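One letter stands for each residue in the lines below.
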Protein chains: 2
Amino acid sequence: MRMVDLIEKKRDGHELSNDEIAYIIENYVNKSIPDYQMSSLLMAIYFQGMNHQESAALTNAMLNSGDVIDLSVVKGIKVDKHSTGGVGDKTTLVLGPLVASCGAKVAKLSGRGLGHTGGTLDKLESIEGLSINLSIEDFINQVNDIGIAVAGQTANLTPADKLLYALRDVTATVPSIPLIASSIMSKKLASGSDVIVLDVKIGDGAFMKTIEDARELSKIMVQIGSSFDKKVVAFITDMSSPLGFAVGNKLEVLEAINTLQGKGPADLTELCVEIGSYMVYSGGIATTLEKAKELVLEKLHSGEALAKLYDFIKHQGGILGDLSQFIDVKEIIEVKAESSGYVEHINALAIGVAAMKLGAGRETKEDVIDPNVGIVLEKKIGDQVKSGEVLAVVYNNKQNIKEILSEVQEAFTISKEHVAKQSIIFEIITE
Amino acid sequence: MRMVDLIEKKRDGHELSNDEIAYIIENYVNKSIPDYQMSSLLMAIYFQGMNHQESAALTNAMLNSGDVIDLSVVKGIKVDKHSTGGVGDKTTLVLGPLVASCGAKVAKLSGRGLGHTGGTLDKLESIEGLSINLSIEDFINQVNDIGIAVAGQTANLTPADKLLYALRDVTATVPSIPLIASSIMSKKLASGSDVIVLDVKIGDGAFMKTIEDARELSKIMVQIGSSFDKKVVAFITDMSSPLGFAVGNKLEVLEAINTLQGKGPADLTELCVEIGSYMVYSGGIATTLEKAKELVLEKLHSGEALAKLYDFIKHQGGILGDLSQFIDVKEIIEVKAESSGYVEHINALAIGVAAMKLGAGRETKEDVIDPNVGIVLEKKIGDQVKSGEVLAVVYNNKQNIKEILSEVQEAFTISKEHVAKQSIIFEIITE
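## As for the overall build of chain A
Across its full length, chain A carries 16 helices and 13 strands. The C-alpha radius of gyration computed for chain A amounts to 22 Å, which stays within 12% of the reference 22 Å derived for 431 residues, consistent with globular compactness. Summarising its shape, the C-alpha atoms of chain A cover approximately 70 × 45 × 40 Å along the three principal directions. Classification of the 431 residues of chain A by burial places 58% in the buried group. Summed over its atoms, the accessible surface of chain A is roughly 17000 Å², and 48% of this surface lies on carbon and sulfur atoms. Each charge sign in chain A was given a centre, from 42 positive and 58 negative side chains, and these centres are 2 Å apart.

Written out as structure tokens, the structure is:
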């Protein structure tokens, strides 16, 4: 087999066999195939695509390029969730404790944020003392003990995916649906859970811009899961506006706590309850989706889910302390409306970028995050607003942020017409 | 400017500006842009193409990446010819002396063969003592003295093209028409001639397989030439069958001599006379194409063109000696027809590959050529053939070539129906 022939085959629109895909990944990881051939193949895949068979073969090859976590020693059905990333997405902080309190086992490996999107690890690490560096043994023990653990990747999971992703990032080959699908699914499958719920976000603040792309990505991922005998469900959800009110690490931790106290934003609560119900139902804890939802709501309202969050934070060494002292910033600035009407749109990308500029996110991988800063929306889509009313509050530690404040204000579109609120969930893709 | 943004721009079908293309080539040559980004861009160009403006900008950037030969000290109009390569293509050996004998100045830099196609330098070097390593000074002096010199590239011409071609070769991005056009034109323009005649071959044995592709390539090259104020003409010619009878280095030198003696194959003679007439006319030596053709035929039949070939060989140190002893092989094997009829097709690729396997060509750049071996066709398309008659003669120095002999035989398609001979020239593309 010669790589140049395989590039040509894909370039000309032919299907690569399982063996050919395995050969490519194996030899790319062992450096027999150079980056320049791989990037040429990736661009050919960008244009010619890959069918479900090829996507599953690529997922399998990447999965087998490194360690696979064996969760068989964890009793019960292991459930996992993956979000394609967005602005203000603190879902894991709410959903993890919520479904764990229902009896599902959550053994979750998370990532860090880059650019305008946040990462669960950064949010967790904003809590004093909390460590996400668990050994595999401690990780599994904690899941067995309290039903939930969230950690960074210490094991050598899917090294092929890491190499490929780094190459795609600098060769304009990131936005290829089969490549995205294989990347996500190889990581999720390597993490060892039985049930995987995918939160595929669309809109300004997401990687997928259209419902068609999100649907295609979802279908491929569900099919890949099925070829590995895993139960995979994909939610296509709205990321045209930020999720919830808070954007910024500690601010989002507080919002997660509020949500588990039943006082959270409607969109975040809806998303967590709906996805949580699917996880609980797919995890075999409830016999119907309706019963699963009843259980989820019960745990949310009884405070058991909140207790699970506190338990989880404590187990990983975190100390929340006095929550009124949790956020430590130099100044809190109000951004006010300049006209009256209804909030028609809040540009998630603009809010995400503004929060990043405040220091809540990373422009490059080397940047250090300020956990205290961020933006809290006071108005959401459909809300009525009067000129001079507060649209958002900015938590700041930097000098001269006039430009950032303008960007936050300009992220809001105010309409004279009444704007209807809509559900955050567009579609649910199952097998 | 960031390379990843330029890759994305081309990937999405947008036009790259002159400055962007100059930036890419400059930074690729100085190694600021890595191979893996360039190969990804090349694949994007394969799919999205480049318009005439972009092709001219790429040609210009590659041209300026190295030395440009200044032929201004050569008196008269300098004419050059480039063939896209084929099997049995000894045109330069005939055409160079032919047009030089008419008074045109031929300062030609040639290449070596690879795969099933031969190279002029290999053919010349099959002549004892002949050197193609001329200094620029000797090269120019020889053109001034006798009107013709053929050399390998000693100057650092178009280093960007060399780097790019090597990368394209291993990343399945060779067959992109704008990339081929820019590669050819940058080399031709760097060689400094005023008039460039392109022989764009189509068919089994050529890189271009269809008349449409050849036409597109020709048009781009003629337009690039025009944007550099050069007179460029493209001939689209047949390479479905080998050109002439002989395939193999010394065998082709002999055929060139025969052709300049007026005893050459009809197709090769036609091609050289027609292209030669355009070169003589475009070079301003004759006022009309008809008068140019009269002059070319006169020089061919008077023996002056042959004398020019001998003079040229002598000037570059070559000694032909007794031509009856020129070919030195262990055995000469006849390949015979197994049925009667008319020759419908002679697969140029198959003949080229068979000759390469005999040692007349290189499978890899490191292979050493045997100048004596090769194949001489005894029958051409349209010829009547009887079962048992000789189709081709194989000049061999190897052991056990049974398989090669079969390949030569199978390259011939014999039809029961009468097959018409056709002109070797399909189209002529001018400005």
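Still more to cover.
## So, the state of the cysteines
Residues and elements named next belong to chain B. According to the stated counting rule, one finds zero disulfides over all chains in the structure shown. No disulfide involves Cys102; its nearest neighbouring cysteine sulfur is the one of Cys272, lying 12 Å away. According to the relative accessible area criterion, Cys272 is buried, its value standing at 2%.

## Some thoughts on the pairing of strand 1 (residues 78-83) of chain B
Residues and elements named next belong to chain B. A large share of strand 1 lies buried, amounting to six of its six residues. Because side chains alternate across strand 1, one face comprises the buried residues Lys78, Asp80 and His82, and the other comprises Val79, Lys81 and Ser83, equally buried. Looking at chain direction, strand 1 and strand 2 (residues 105-109) are connected through two bridges and run parallel. The residue bridging Lys78 from the neighbouring strand is Lys105, located in strand 2.

## Re the packing of aromatic side chains
Residue and element names in this part refer to chain A. Going through the model one piece at a time under the given rule, you end up with five aromatic pairs over all chains. With centroids separated by 5.2 Å and ring planes inclined at 90 degrees, the aromatic side chains of Phe235 and Tyr278 adopt a geometry described as edge-to-face. Linking Phe235 in strand 5 (residues 231-238) with Tyr278 in helix 12 (residues 266-282), this pair joins segments that are 43 residues apart in sequence. When its relative accessible area of 0% is taken as the criterion, Phe235 is described as buried.

## Overview of the relation of the copies chain B and chain A
The two copies are related by a screw operation: chain B maps onto chain A through 179 degrees of rotation and 0.0 Å of translation along the axis, at an RMSD of 0.1 Å. Accordingly, the operation relating the two chain copies is best matched by a two-fold axis. Proximity to the rotation axis, assessed at the C-alpha, singles out Tyr36 of chain B in chain B; its C-alpha lies 1.7 Å from the axis. Most of the interface of chain B is mirrored in chain A, where 100% of its interface residues again form contacts.

## Focus: the sheet that holds strand 12 (residues 412-415) of chain B
Residue and element names in this part refer to chain B. Within the open sheet, the three strands sit side by side as 10-8-12. Their pairing is antiparallel. At either margin of the open sheet sits one strand with a lone partner, and together these are strand 10 (384-385) and strand 12. Sheet topology note: the strand 8 (residues 341-346)/strand 12 ladder contains four bridges and is antiparallel. The partner of Val343 across the bridge, within strand 12, is Ile414. In the packing of helix 16 (residues 402-411) onto the sheet, the strands contacted are strand 8 and strand 12, and the crossing angle to strand 12 comes to about 40 degrees.

## A short note on empty space enclosed by the protein
Residues and elements named next belong to chain A. If you walk through the whole model with that rule in mind, you get eight cavities of 30 Å³ or more. The volume enclosed by the largest cavity comes to roughly 160 Å³. For the largest cavity, the lining is made up of 22 residues, of which His116, Thr117, Gly118, Ala360 and Gly361 are closest to its centre. Secondary-structure elements contributing two or more residues to the lining of the largest cavity are helix 6 (120-125), helix 11 (249-260) and helix 15 (348-360). When residues of the lining of the largest cavity are assigned to their parent elements, the largest contribution, four residues, is made by helix 15. Of the residues in the lining of the largest cavity, the class split is six nonpolar, twelve polar and four charged.

## Comments concerning the domain arrangement of chain A
Residue and element names in this part refer to chain A. Partitioning chain A into domains gives domain 1 (3-49), domain 2 (78-315) and domain 3 (327-415). Summarising the inter-unit geometry, the C-alpha centres of domain 2 and domain 3 are found 25 Å apart. Contacts between domain 2 and domain 3 engage 25 residues on the former and 28 residues on the latter. For the pair domain 2 and domain 3, the two sides together bury roughly 2000 Å², of which 63% comes from carbon and sulfur.

## Looking at the interface of chain B and chain A
In this assembly, 22 residues from chain B lie in contact with 22 residues from chain A. The junction of chain B with chain A conceals about 1700 Å² of combined surface from both sides, 69% of it contributed by carbon and sulfur atoms. Broken down residue by residue, the surface that chain B buries against chain A is led by Arg11, Tyr36 and Phe47 of chain B, which jointly contribute 36%. Taken together, the links from chain B to chain A amount to zero salt bridges. Among the secondary structure elements, those contributing two or more residues to the side of chain B that touches chain A are helix 1 (3-11), helix 3 (35-48) and helix 8 (159-170) of chain B. A per-element tally of the side of chain B that touches chain A places helix 3 of chain B first, with ten residues. Classifying every residue of the side of chain B that touches chain A by side-chain character gives eleven nonpolar, six polar and five charged.

## Points about the packing of helix 1 of chain B against helix 2 (residues 18-29) of chain B
Residues and elements named next belong to chain B. At a minimum axis distance of 11 Å, the contact between helix 1 and helix 2 shows a crossing angle of 125 degrees. As far as their axial angle goes, helix 2 and helix 1 are oblique. Two packed elements cross with a definite hand, and for helix 1 against helix 2 that hand is left-handed. Listed contacts from helix 2 to Met3, Leu6 and Lys9 of helix 1 are Glu20, Tyr23 and Ile24.

## Re the sheet that holds strand 12 (residues 412-415) of chain A
Reading across from one edge, 10-8-12 (chain A) is the order of the three strands in this open sheet, with antiparallel pairing throughout. Only two strands of the sheet have a single neighbouring strand rather than two, namely strand 10 (384-385) and strand 12 of chain A.

## Some words on the confidence of the model for chain A
Residues of chain A with pLDDT of at least 70 account for 100%, and the chain-wide mean is 94. Our summary of model confidence lists the complex with pTM equal to 0.87 and ipTM equal to 0.87.

How each quantity is defined
- Residues numbered from 1 in each chain as written.
- Chains lettered and ligands numbered in written order.
- Predicted model: local features only at pLDDT ≥ 70, side-chain atom pairs only at ≥ 80, totals over all residues.
- Heavy atoms only, no water.
- Helix = DSSP H or I, 4+ residues; strand = E, 2+ residues; numbered from the N terminus.
- Rg over C-alpha atoms; globule rule 2.2 N^0.38 Å.
- Buried < 20%, exposed > 50% of the residue type's maximum accessible area, 1.4 Å probe, protein only.
- Areas by Shrake-Rupley, 256 points an atom, 1.4 Å probe, with all protein chains shown as cover.
- Lys, Arg positive; Asp, Glu negative; His and termini not counted.
- Charge placed at Lys NZ, Arg CZ, Asp CG, Glu CD.
- Disulfide = S-S within 2.5 Å.
- Pairing = 2+ DSSP bridges.
- Phe/Tyr/Trp six-rings, centres within 6.5 Å; stacked < 30°, edge-to-face > 60°.
- Least-squares fit on C-alpha atoms with pLDDT ≥ 70 in both.
- Contact = heavy atoms within 4.5 Å.
- Axes fitted to C-alpha atoms, helices over the stretch in contact; angles between N-to-C directions.
- 1 Å grid on protein atoms, 1.4 Å probe; cavity = no way out; pocket = protein on both sides within 12 Å on 5 of 7 lines; lining within 4 Å.
- Points joined across faces, edges and corners; volume = space filled by probe spheres on them.
- Nonpolar A, V, L, I, M, F, W, Y, C, P; charged D, E, K, R; others polar.
- Domains from an automatic or database assignment.
- Buried area = accessible area lost by both parts, 1.4 Å probe.
- Salt bridge = Lys/Arg side-chain N within 4 Å of Asp/Glu carboxyl O.
- Parallel < 35°, antiparallel > 145°, perpendicular 65-115°, else oblique.
- Left-handed = near helix turned anticlockwise from the far one by under 90°.
- pLDDT = per-residue confidence, 0-100.

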